[in-house]
Every structure is written in C-alpha cells, then in structure tokens.
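Next come the chains, spelled out residue by residue.
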Amino acid sequence: LRWRQRLNILRKQTAWRPERPHLPLRLPLRIRPKNKLTLNQSQRTRGPGVDQDPKGLFEIDEKTGWIKSKMPLDREKHKSFKLKAFALSPSGERLESPTTIEIYVLDQNDHRPEFTQKEFIGTIPEFSVPGTSVMQVTAIDSDDPMTENAALSYFIVEQESIPPHSINKTMFGINNKTGVIYTRDVGLDRDVVQSFKLTLQVADMSGMGLTSTGHAIIHISDINNHAPKFHPTTYNINAMENKYIAELGRVNATDKDQKGGDNWRIKYTIVNPSGHFAIRTDPVSNQGIISVVKPLDYESQAEYRLIVKAENEVRLKAPYEQIHSATVTVRVMNENEAPVFYKNPIKVTVAESIVPGTVLVSDINCEFLFRFEIIQDPENWLAINHGTGQITARRSFNIRSPHVRNNIYSAIVKVIDQDAGGISATATLEVNLWETNDYPPVLIPLSGTVCSDRDRDKLGLLLSAVDEDMSPQADPFTFYIADQIVAANWTIITLNETHAVLQPLIDIEKGEFSIPVVVSDSGSPSLSSNALVNVTVCPCDSFGDCKSYTAAIFGTKMGISFIALMIIMGCIALLLLLLVLAVAVKGCTRQNIRKGRGLLVGASDDDIRDNVFHYDEQGGGEEDEDAFNIDFLRNPNCSLPRGKQPLRKDAPYTLPSPTYPRKPPGDPTDIENFINVGLDAADNDPNVPPYDTALIYDYEGDGSVAGSLSSIASMGSDGDQDYDYLNDWGPRFKKLANMYDPR
C-alpha cells in the first residue's frame, strides 16, 4: 500500500503543466547510486530535452538527484521524453548502469476548436421533405483527441432567410456530433425564399469547453414546377410574299422558375405547320421568334392561322399545370411580282429523229403569259411562240451532240412581264432524247483470207459490223448469206452479239469467191445493209497469209530433199537451154527461106512487118490477171472467164448485163456514136471489169492508112510463093495462110 501511494504521487508530480512552468518536477525518490557517493562524485542525465533536440528542457541536481524543467512544455509538439540517468566518478567514469526515465506530457485544453472553412455553401431543392440532408460542416481541435479537450459539439446559433424575414420558423437542424445539417420543416419554396444564412458554433469538452463560430449558406435550388404561359394569347402579324424573313414576329411566354436556368427555358412549337413558317427561342428573352422559311404567295393563300404552344425543355414536375398555347394570324401582303413557272424544270421526252415542227410543249404552265423567249439553245434545235410559249422542234435532234448529257438536252426559257417594268423569270427545259434507229450497220471486213490447211473449227473469216446508232438500236447484229446458191457452199456461224465467222461447207483447196452477206441490227424497225465479201481460200503460213506456189510445194507434208531440188532445177535449166537452141535454129531456117522464095521478101529491103499496125492491148489494169485473151478477138460475144476478171464492188455481180451494140454502122462517120453507146453500156454493166480496165472492141472502122496486105510487093507471082510456113507462126497466121493457099 505504501509503494502504491508513492506511485500515484509520482504520476501526479510527473505531469507538467504549462500554466505553472516555475514549479520543479519532483520525483518521489531521489536518484541514488547503489554505491555511496563521495564528495567528488556526481549524478548526470542524458537524452531528448537535455543534450539532444529539443535541448535544454530539463536539468538534474547532481547532488540531490532532483529533475527540474527549465521552460514550459507543449504537448502538441512533444508528447513524451525518454531520459537516461547515471552516476559518474570525478574522473568521468560511470559507476553503474544508466537508469531510464520516461516523462509523459499531459494535455491541457489550451486550443480552441476551429471550423475547416470560413463559410460553408450548400444547396437543397425546393419543397424538400423534412430530414433531407443538406451538407456537413467540420471543425478541428489541436488538443489530444483521446481526451475531452478535443470532444467537439456543433450548434446552430442563428438562422437568417434571404430575402429577410421571408420565413421565420426554424427550417434547419444540425447533428451535434457529426455536423450534418438537415431540414426540419416543410415550406422551402424558392418563389418565397432563395437562400438561408446560418450562424454555427463548435465547442470542445463536449460543448462545455472552448468555442468558435462559423457560417453556412444554404441555397434553395429550383425545380420545374411552373409551366410557361403566354401573355397575350393572340397575335396578328403581316408578311410580304415571295421573301425569306428571318424574324417575322415574336410571341411571349413567361415562366416563374429560376430565370436563366434549365427549368426556365421554353421550347416553342407550331402545332399546325404549313411548311412556310418556323419558330425558335431567343436564349436571352425566352421569347419565340417566328420566321418565313418558304416564300409566301398571296395568290395561293392570303392568310395563315398558326397555333403555337410553349413548354419547358425539362420535364414538368407539376402535372397539374397545363400547357399553354397562343394563336398567331399571319396576313400575306401582295406585291407586283414576276411571272412564276409552275414547272421548273419543264421536262419532255421525244425521239431524236423528231420531225421538224413537232410541238414539244403546248402549255408552258406560267401564271402570267406575256412574252416568251429561248435564251439558251446551244444547238438551235428549238423554236418558241413569243405570245403563247408553245415550243416546237426546229429540226431533228442528234443524241450524239456534245451538248446532250445523259440523253438530256437542256435549254433555258424566259418569260417577261412588260407591264411590270420588264420583270422576268426563267425556267429550264429538259428534253429527254431516246435513241432511234437511223443508221444501218456496215459490214467489216469486205475481204479476207480463209486458210484451207487449218482445222475445221479454226477455218473461216471473222466478220463484224459497225453501227453509228447506240444501244438498243445497234447490236446484237444478225448475219446471213443473201444468195441461196452460195449458201449451199458457205455458212455464217454467230460468235456473239457483234461477231460471226464465215466458213465454207465444202473442202476448198484454193480460189477466190465473192460472198453476198447481209447484216441487220436490233433496232425498231431493224435496218440492214448488203455487202460482197471477197474471200481468198488458200494454204496459209504461220501468220495467216497465203503461201506462194513454191512455198506451198515445200510446205506439203511429203516434202523433197535438197538433192532432189537441185536435180529438178538442173533439168529445168537444161530444158530452157534446149528451147533457146530450138528457137535459134528455127530463126536461121526462116532467114534461109527469106533469101530463097519467102513470101514476105519484096523488092524493098524494108521489113514488110514494119508497116503492120501493132495494138498494144494491156487488159484490165492492176486487177486484170489475164491482160489479154485471144478468144476475145476470135469471138466478140465472148467475155472473160468467171473468176478470171476483176470484180466491180459498186454493184452485185448477179444483175443481168445490158445489150451491147454489135453491128457496125454503115457510115464511118457514125463510129463515134457507136463507141459512145458501147461505152455507156459498159459503164452500167455490173459484170464487166472495173473502170480502170481497158474495154476491147472488135470493130476498128472502115479504111486503113496502111492499105491492104495484098498491096505488099512480092518478088514473084502468087503462084511462086510457098505459104506453108505461115502455119508454123501460130493461130493468128493460119487464116492468112488459108487465104493465099487455094488448097
């Protein structure tokens, strides 16, 4: 019990009070060493507060062992100190182990509580129910939170409404321990009061200690509990026709909710829109602005009655409030205006091959018919009646014109109101052209080669056609052979819509053929054209060209060796040499005959053959392969063999030939007319060679500057002459030999 009482005394005396810093800190027991100290021995202390930071707070009596404080202590800075005491000899040696002394600084209520903010701001919606939390206020106390010195309590000292005295009853309460402010009563109407200012107090020692004051501002927030209302509810506005008007007039609706807030903003709507009007909200005044978005027409409608309603953008929380509406009467003002086209653009669809003079537009549908003009017509295809506006075609159209785009030809029509000072209006005329079948297809090519040494599936001439028309008046094309006789040996196989193959039905080694082919298009009506296709059938090389005769021989499958070729060429050279020798021998024989009794040897040394006229007949030009045919001289009625003379390409060869004059005129002066008649018949004969071929006539006229052959001088009488050698000169001289040989 004695030691327990001393321990309690120790606890009381070790608690340092800053209010009495001069009192010494006394321990119940002095610090005494185990060994008795002599006069030269002392006691020392070390640790925080003595020789360590914070230094100089404590000291010890070296003789008595009393520990004293040298200055006031602050618990908020240092809550405790731990010191070590030990005894030293005069020489400074420790006489025993140090003793640990721990000093605790007890808290005193020396700090006032302070609010964390000078002024707290909070918001609560109007018409909130009691008990609704508004906000929480807080305060701090620097004293020991484990003691009553830091136990805080909150109070509302005063309540002030804004506007002043709008509400006198206590509307808010506060939780003493947590500082939460809440509503205590009903009646928070923002239309009556906008905010409250509260004076707060906080005290420690659970409300019995030191105190501090603060303030809290509570704003009453708005809710959408008022519907907008029109003042007035009827409006009369005048509007000019044919104009866009950004602000035609305004309608006014008011809202009692907080101005500028979301609940205050009004949205206006035209209940019966006509397409001519629109309404928007002025963000500053909250009024409705009516505008004209589509020009009005006095002649169509002179007055409009609009129903405009007003409502908030935010959903209304007072369902008992009604949505208001107003009536707006708009009167259209008439003005002297330009003519108006009811159709713009004016559309019409016609064929490109339209007959000139055809009416395209009979009624232009203009409100005022005054003077009409066409101010843009790039191709000059159109004509217009200036009084009625009737539009006709000046000439046929051409769908391939550069001014026709997507089959549409555009022109601009203008109408002028001369009574209104020349006010005018324009409209676009769009002529939609559809293709007509104006051009027949043209067959290509008109000549070609068919290789006879190719496989049957690769044999033939590729045909196509070109049509100046566009689809659907062009392809697909149809090809067929016009002559049934030719069709028995040839056929046309269609490949696709634009190409076909001309093939022989029989095996043909070589030759030239003229095939009459007809090609037609798919237009309505369909157009066709005839053409002669000159086909050359021959063996071909790798490039598809006809081989030469020698190449054809060497290109056969049998083939010949080089040695055999040299032997053949040598034989040919030998035969040519023998032929030259035979001609030379025959010439010598004729010279001998001439020196003897030759018929053509006369008194004159000149060769009688120099007096014989020689006609250099060249035949049919470049295309005549048989320049001269002796049978034509023998028989004037005989024509060149079929396939051996050039063919005319300007007329079918199947037409009959005209009648040629065959009987020579009796009068030599009529020879010119005779030749002209024959020339005209030849020009119109489709079966004769081309124009550049020389025509052959069997009549040369009467008389000859050379005279008769009988006048040729002879060395002897006719009976002395031997005419047998004339038979050796060829068929031309056989008749002459018969004339001089009576046998």
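Position numbers for residues start from 1 in each chain and track the written sequence from start to end. For this predicted model, a pLDDT threshold of at least 70 governs which residues receive local features, and a threshold of 80 or more governs which side-chain atom pairs are given and counted, while totals over whole chains, interfaces and linings are taken from all residues. In computing side-chain values, all of the structure's heavy atoms are included and hydrogens and water are not.

1. What about the overall build of the chain?
Every helix listed is a DSSP run of H or I at least four residues long, and every strand listed is a run of E at least two residues long, numbered separately from the N terminus. A count of helices and strands for the chain gives seven helices and 39 strands. Counting over 743 residues, the chain shows a buried share of 33%. A sequence separation of at least 24 residues applies to 64% of the contacts in the chain between residues at least 6 apart. Buried, partly exposed and exposed residues are distinguished by accessible area as a fraction of the type maximum, computed with a 1.4 Å probe on protein chains only: under 20%, between the cut-offs, and over 50%, respectively. Throughout, a contact is declared for two residues whenever any of their heavy atoms are within 4.5 Å.

2. Focus on the side chain of asparagine 263
Looking at where asparagine 263 falls in the secondary structure, it is placed in the loop between strand S18 (253-254) and strand S19 (266-270). Overall, asparagine 263 belongs to the buried group, its relative accessible area being 13%. The term polar contact refers here to a pair of N or O atoms within 3.5 Å; inside protein, the definition further demands a hydrogen-donor-capable atom paired with an acceptor-capable atom, and it admits residues adjacent in sequence only when both atoms are side-chain atoms. At a separation of 3.2 Å, a polar atom in the side chain of asparagine 263 contacts the main-chain carbonyl oxygen of aspartate 222. Not counting chain neighbours up to four residues away, the residues in contact with asparagine 263 comprise Asp222, Ile223, Asn224, Asp255, Asp257, Asn312 and Val314.

3. Focus: the state of the cysteines
Note that a disulfide, as used here, is simply two cysteine sulfur atoms within 2.5 Å. One pass over the structure, following the stated rule, counts one disulfide. With its sulfur 2.1 Å from that of its partner, cysteine 451 forms a disulfide with cysteine 540. Note on the cysteine 451 and cysteine 540 pair: the S-S dihedral is about -100°, so by sign convention the disulfide is left-handed. Separated by 89 residues along the polypeptide, cysteine 451 in strand S33 (residues 447-451) and cysteine 540 in the loop between strand S39 (528-538) and helix H3 (549-554) bring together distant segments of the chain. Per residue, the accessibility class of cysteine 451 equals that of cysteine 540, and both read buried.

4. Section: the nonpolar core
One finds Leu382, Phe397 and Leu429 to be the most contacted residues of the largest nonpolar core, which totals 25 residues. For this core, the secondary-structure elements that each account for two or more residues are strand S24 (346-351), strand S25 (359-361), strand S27 (382-384), strand S28 (391-393), strand S30 (408-417) and strand S31 (423-434). The element best represented in this core is S31, accounting for five residues. Setting aside residues no more than four positions away along its own chain, leucine 382 makes contact with Leu360, Ile374, Asp377, Ile391, Thr392, Arg394, Phe397, Tyr409, Ala411 and Leu429. As used in this record, nonpolar core signifies buried Ala, Val, Leu, Ile, Met, Phe, Trp, Tyr and Cys residues forming a set joined through side-chain atoms within 4.5 Å.

5. Let's talk about the environment of asparagine 738
Counting through the fold element by element, asparagine 738 comes out in helix H7 (residues 731-740). Since its relative accessible area comes to 56%, asparagine 738 is described here as exposed. Sequence-wise, asparagine 738 and asparagine 727 are 11 residues apart; in three dimensions their C-alpha atoms are separated by 8.9 Å.

6. Considering the pattern of salt bridges
Definition used for salt bridges: Asp or Glu carboxyl oxygen within 4 Å of a side-chain nitrogen of Lys or Arg. Taken as a whole, this structure holds eight salt bridges when the rule is applied. The shortest N-O distance in the salt bridge between lysine 169 and aspartate 185 comes to 3.6 Å. With lysine 169 in the loop between strand S10 (153-162) and strand S11 (172-174) and aspartate 185 in the loop between strand S12 (180-183) and strand S13 (195-203), this pair connects stretches of sequence that are 16 residues apart. Residue lysine 169 is classed as partly exposed on the basis of its relative accessible area of 38%.

7. Here's the deal with the packing of aromatic side chains
Under the pairing criterion, centres of Phe, Tyr and Trp rings, with the six-membered ring standing for Trp, must be within 6.5 Å; the plane angle then separates stacked pairs below 30 degrees from edge-to-face pairs above 60, leaving the rest tilted. In this structure the tally under the stated criterion is nine aromatic pairs. Relative to tyrosine 268, the ring of phenylalanine 230 lies with its centre 6.0 Å away and its plane at 55°, an arrangement referred to as tilted. With phenylalanine 230 in strand S15 (residues 229-230) and tyrosine 268 in strand S19, the pair connects residues that are 38 residues apart, well separated along the chain. No difference in accessibility class separates phenylalanine 230 from tyrosine 268, as the two residues are buried. Among the aromatic residues, ring-to-ring pairing joins Phe115, Phe120 and Tyr154 into one connected group.

8. Some details on the sheet that holds strand S16 (residues 234-240)
One requirement defines pairing of two strands: DSSP has to find at least two bridges between them. Read across the open sheet, the four strands follow the order S16-S23-S22-S19; overall the sheet is mixed. Of all strands in the sheet, those bounded by a partner on one side alone are S16 and S19. Going across the sheet, the axis of each strand differs from the next one's by a mean of 30°, ignoring polarity. In terms of strand pairing, S19 meets strand S22 (residues 303-312) through five bridges, oriented antiparallel. Counted as the bridge partner of threonine 269 is lysine 309 from S22. With axes taken as lines fitted to C-alpha atoms, and helix axes fitted only over the stretch in contact, angles between N-to-C directions fall between 0 and 180 degrees.

9. Digging into helix H6 (residues 671-683)
For a helix, the expected span equals 1.5 Å multiplied by the number of residues minus one. Taking 1.5 Å of rise per residue, 13 residues should cover 18 Å, and H6 covers 18 Å from first to last C-alpha, within 8% of that figure. Among the residues making up H6, those that are buried are Phe674, Gly678, Ala681 and Ala682. Buried positions in H6, seen along its axis, are confined to an arc of 100° and lie on one side of it. The arc under discussion is defined with respect to the helix axis, by the directions toward the C-beta atoms.

10. Some remarks on the environment of glutamine 159
Looking at where glutamine 159 falls in the secondary structure, it is placed in strand S10. Considered as a pair, glutamine 159 and lysine 197 are 38 residues apart in the sequence and their alpha carbons are 6.0 Å apart. When neighbours within four sequence positions are excluded, glutamine 159 is seen to be in contact with Lys169, Thr170, Met171, Phe172, Phe196, Lys197 and Leu198. Of the polar contacts made by the side chain of glutamine 159, one reaches the backbone oxygen of lysine 169; its length is 2.8 Å. Of note is the side chain of glutamine 159, whose polar atom sits 2.9 Å from the backbone nitrogen of methionine 171.

11. Here's the deal with the pairing of S12
By the alternation rule, side chains of S12 split into Ile181 and Thr183, which are all buried, and Val180 and Tyr182, of which none is buried. Note: S11 against S12, three bridges, orientation antiparallel. When the bridges of S12 are listed, phenylalanine 172 appears paired with threonine 183. Connecting S11 to the next strand, S12, in antiparallel fashion are five residues, including glycine 179 with a positive phi near 80°.

12. Focus on the environment of methionine 205
Residue placement: methionine 205 occurs in the loop between S13 and strand S14 (211-221). Between the C-alpha atom of methionine 205 and that of alanine 150, which follows or precedes it by 55 residues, the distance is 6.5 Å. Leave out the neighbours within four places in its chain, and methionine 205 touches Asn109, Glu148, Asn149 and Ala151.

13. Considerations on the confidence of the model for the chain
A score from 0 to 100, pLDDT tells how confident the predictor is in each residue. In the predicted model, the chain carries a mean pLDDT of 76, and 72% of its residues have values of at least 70. In the model, residues 709-716 has pLDDT below 50 throughout and makes 14 contacts with residues more than four positions away in sequence or in other chains.

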